[in-house]
Amino acid sequence: MLNALRRRQILPHAVLAIGVLISLFPFYWSIVLATNTSADVFRYPPRVIPGTHLVENVRHVLDNIDFFGSMLNTLIVAVSTTVLVLFFDSLAAFTFAKYAFPGRRVLFGLLMLIFMLPAQLSIIPQYMIMAKIGWVGTLRALVIPAAVNAFGIFWMRQYISRGLPDELIDAARIDGASFFRIYRSVCLPMIRPGLAFLAIYTFIGAWNDYVWPLVVLTDPNKITLQLAIAQLNFGQGGTITDYAMLMAGTLMAVVPLLIAFTLFARNFVADLARGAVQG
Amino acid sequence: MLRYWPQYLAISPFYLLFAVFGLFPVLFSLYLSFHRWSGLGERKWVGLKEYDFLIHDHTFWLSLWNTLIIWLMSTVPMLFGALVIAALLHSVARGKSFYRMAYFIPSVTSLVAMAILFKMMFSSNFGLINAVLEAVNLPTYPWTNTPWGIKISIAALMTWQWVGYNSIIYLAGLQTIPGELYEAAQIDGAGPVRTFFRITIPLLRPVILFTVVISTITGMQSFTEAQVMTASNGATNPNSGGPGQGGLTMVLYFYQQAFSYNDFGYGAAIAWGIFVIVGAFAVLNWRLVARQED
C-alpha cells in the first residue's frame, strides 16, 4: 500500500523537479557567465560550468559603476520606505478594522478605487511636482510618495480583523487606554507576523523599483542599484562587449536579495498566497 | 465628528499623500492631455487634438498590438503552467515547502537583472537558446533581431518570472477544496485528467479570476522587460522598442514620448488611452471568466 503510494508520487516529483530546474536555471547561468571571460561568452559550444574569472569581472563592474554607492542608496530607500509603510499602513488598517467612525465605508471604498489607478497616469505631473519642490534627483522623491499605500492598508485590515480579538481592545479601553495607546500596546504586539510579511513585500518592491526612479533620479551620480545595472546595460551599445562584466553586475544585484529572501521569508510565500485567496 | 479625531488622524497620511501625489497628478494629466507642452515654456490649449492624433497614430496601435501579443504569449502558458504545477504540488506529500520556495524565487528577483540575462540567453549570435538549438540540429532563430523574436523573448521572461508565483496562489486555493470531493470522484471512477477539469478548475474559478485580472492589468502595462531587453540593439534612442519596434509596448511608448521627447501633452494623452484600454480589458476578462460560472 505504502509502496504503491510512493510509486504514484514518482511522476509528480519528476515533473516538479524539472520545473524547479527551469525555475532556477537562469540563476545558474548568470553565475556561469559572470565567472568566465567575455571571450568565453562568444564561444561555441558555450561553457556550461562556472569559471575562475569572477574577481576580475567584479572589478570591472566596480570600475564602471558606483556599485556600492548605488546599493547604499537602494538600501536607504528600501529601509526608510519599509519603516514608514509599516507604521502608516498598520495604523490606518487598525483604524479601519476596529473602529466605527462617520465616513468609514466611503473612505475605504475610495481607497480600493485608488488601488486600481495605473501609475503612468500620474507620472508626468508627479515629476513636475518633484521639479517644483526641488526633489528631482533626490532619494526623498522615491520614499515620500511611497510612504503609505492602498495595498498594505487593505491587506493589513484583513489581517487585523481576523487576528486581533475585539475583547482585547475593549478591555484596554475600559482600563482607560487611549486610541494610540491601544494601537501601540495591544495591536502592534499581536500583528507581528503580518508586519513581517508587509515588511518583506515592501522591501522587495522598493529594492526592485525601476520606472519611477528612472524618471526622477536624473543625477547619474545618485542612482539606485537597478538604474546602475541598467546603465551598465545601456553602456553596451555596440562597441563595448564586456558581457562577462555585465553578468557579474546583474549577479551582484540579485544575490543580496536572494540571500535575504531565503533567510527571512520562510512563511512569506504561504502568507502571500493565503492573502490572495481570501482577498 | 470631533470625538473621532484620533481615527481621522490615523488614516489621514494615506489620503494626504494621495491628494498630493495621486489625485492632483491624475487630474492634472487630464488637463495636460488637452495641451501641447514640452515641459518648458508656454502650455498651448489644443482641445482634443492630442487624442485625435492618438487615434490616427500608427505607432500607438502598433504598441497596443505588441502589448496584446506579448500579454497573450506570456499569460496563457503562465496560468496554464501554474495550474499544472499547483495540481502536482497539491498531490505530493513531501517537499512542498522546498518546491514552494524554488518556484517563488523568480518573482522576487530584480527584473532589470533578469531582463539583461534573458536578452543574453536569447541573443541571436551567442545566446544559449540558439546554441542548444544548434546542438540538437534544429534551425536557429534571430530572437533579438526580429519583431516576433523579441516578443517571444519578452514573453518567455514574463512567463518564467510569474509562473511559480501564480502556482503558489493556486495551491493555496486548492488547499481550500475539501478532500472528500476528490475521494468521491475517485470512487465514481474519474481519472486524474477528468477530476482536474471537472472539480479542480470549477472550484478554483474565483482564484483563477483573480490571477487573470491581475495578469491582465500588469501585462497590459509591461514596461521594464521591454525597455531593458530592447535597450541596446544599436538604436540611438534606448526607448525605441527594438527591431522594427517589435518590443515597443504601450507604456514604453508613453515613456518614450513623455521623457525621451519631452512631449508631455501627448504623453498624458497616451496614458489616458492606456487607462481606457486596460480598464476595458479588465472588465472584459472579468465578464468572460465570471460568466462561465453559470
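Residues numbered from 1 in each chain as written. Chains lettered and ligands numbered in written order. Predicted model: local features only at pLDDT ≥ 70, side-chain atom pairs only at ≥ 80, totals over all residues.

Caption draft 1: Geometry of the overall build of chain B. Looking only at helices and strands, chain B has 12 helices and 2 strands in total. Reading the helices (α) and strands (β) of chain B from amino to carboxyl end gives α-β-β-α-α-α-α-α-α-α-α-α-α-α. If you line up chain B on its principal axes, its C-alpha atoms span 75 × 75 × 35 Å. For chain B, with 294 residues in total, the buried portion stands at 43%. Restricting the contact set of chain B to residue pairs at least 6 apart, pairs at least 24 apart contribute 70%. (Helix = DSSP H or I, 4+ residues; strand = E, 2+ residues; numbered from the N terminus. Buried ≥ 20, exposed ≤ 12 C-beta atoms within 10 Å, placed from the backbone. Contact = placed C-beta atoms within 7 Å.)

Caption draft 2: Looking closely at the overall build of chain A. When helices and strands are tallied, chain A shows 15 helices and 0 strands. Computed over the C-alpha atoms, the radius of gyration of chain A is 24 Å, more than 25% above the 19 Å expected from 2.2 N^0.38 for a compact globule of 279 residues. With the C-alpha coordinates aligned to their principal axes, the bounding extent of chain A is approximately 75 × 75 × 30 Å. The burial tally for chain A puts 41% of its 279 residues in the buried class. In chain A, the proportion of contacts linking residues at least 24 apart, taken out of those at least 6 apart, comes to 77%. (Rg over C-alpha atoms; globule rule 2.2 N^0.38 Å.)

Caption draft 3: Geometry of the interface of chain A and chain B. Contact with chain A, which involves 69 residues of that partner, is made by 76 residues of chain B. Ranked by the residues each element gives to the side of chain A that touches chain B, the list is headed by helix 1 (residues 2-35) of chain A, at 13 residues. Here the residues of the side of chain A that touches chain B are counted per class, giving 52 nonpolar, 16 polar and 1 charged. (Nonpolar A, V, L, I, M, F, W, Y, C, P; charged D, E, K, R; others polar.)

Caption draft 4: Representation of the packing of helix 14 (residues 243-264) of chain A against helix 5 (residues 111-121) of chain B. For the pair helix 14 of chain A and helix 5 of chain B, the least separation of the axes is 9 Å and the interaxial angle reads 145 degrees. The hand of the helix 14 of chain A/helix 5 of chain B crossing is left-handed. Contacts between helix 14 of chain A and helix 5 of chain B involve A:Tyr243, A:Leu246, A:Thr250, A:Ala253 and A:Val254 from the former and B:Ala113, B:Ile116, B:Leu117 and B:Met120 from the latter. Classifying every residue of the contact of helix 14 of chain A with helix 5 of chain B gives 8 nonpolar, 1 polar and no charged. (Axes fitted to C-alpha atoms, helices over the stretch in contact; angles between N-to-C directions. Left-handed = near helix turned anticlockwise from the far one by under 90°.)

Caption draft 5: A look at the domain arrangement of chain A. Segmenting chain A into domains produces domain 1 (2-56) and domain 2 (66-234). When each unit is reduced to the centre of its C-alpha atoms, the spacing between domain 1 of chain A and domain 2 of chain A is 36 Å. (Domains from an automatic or database assignment.)

Caption draft 6: Examining helix 8 (residues 179-187) of chain B more closely. Of all 9 residues in helix 8 of chain B, 0 are buried, a share of ten percent or less. With its phi angle positive at about 85 degrees, B:Gly189 sits one or two positions after the end of helix 8 of chain B.

Caption draft 7: Quick look at the environment of B:Tyr4. Checked against the element boundaries, B:Tyr4 lands in the segment before helix 1 (5-32). Sequence spacing of B:Tyr4 and B:Arg287 is 283 residues, and the spatial spacing of their C-alpha atoms is 40 Å. Leaving out residues up to four positions away in the same chain, B:Tyr4 has contacts with A:Phe101 and A:Pro102.

Caption draft 8: Layout of the confidence of the model for chain B. All names here are of chain B. Put simply, chain B has an average pLDDT of 89, and 96% of its residues get 70 or more. The weakest mean pLDDT in chain B belongs to helix 8 at 85; the strongest belongs to helix 3 (residues 58-91) at 95. Complex prediction metrics read pTM 0.90 and ipTM 0.89. (pLDDT = per-residue confidence, 0-100.)

Caption draft 9: Region of interest: the packing of helix 5 of chain B against helix 7 (residues 147-174) of chain B. All names here are of chain B. Their axes nearest at 10 Å, the elements helix 5 and helix 7 cross at an angle of 130 degrees. Considered as vectors, helix 5 and helix 7 are oriented oblique to each other. Our pair here, helix 5 against helix 7, has a crossing hand that is right-handed. On the side of helix 5, the interface is formed by Met114, Ala115 and Phe118, while helix 7 contributes Ser153, Ala156, Leu157 and Gln161. Residues belonging to the contact of helix 5 with helix 7 are distributed by class as follows: 5 nonpolar, 2 polar and no charged. (Parallel < 35°, antiparallel > 145°, perpendicular 65-115°, else oblique.)

Caption draft 10: Quick look at unusual backbone geometry. Even without being a glycine, B:Gln245 presents a positive backbone phi close to 55 degrees. Looking at the element boundaries, B:Gln245 is found in the loop between helix 10 (224-229) and helix 11 (250-260).

Caption draft 11: Just helix 13 (residues 225-234) of chain A, in detail. The buried count for helix 13 of chain A comes to 8 of 10 residues, which makes it a mostly enclosed element. Those residues of helix 13 of chain A not exposed but buried are A:Leu225, A:Gln226, A:Leu227, A:Ala228, A:Ile229, A:Ala230, A:Leu232 and A:Asn233.

Caption draft 12: Here's a closer look at the environment of B:Ser29. Its place among the elements puts B:Ser29 in helix 1. By the C-beta count within 10 Å, which is 26 here, B:Ser29 ends up buried. Sequence separation between B:Ser29 and B:Ala269 is 240 residues; the distance between their C-alpha atoms is 8.0 Å. Contacts of B:Ser29, omitting those with residues within four sequence positions, involve A:Leu121, A:Ser122, A:Ile124, A:Pro125, B:Ala268 and B:Ala271.

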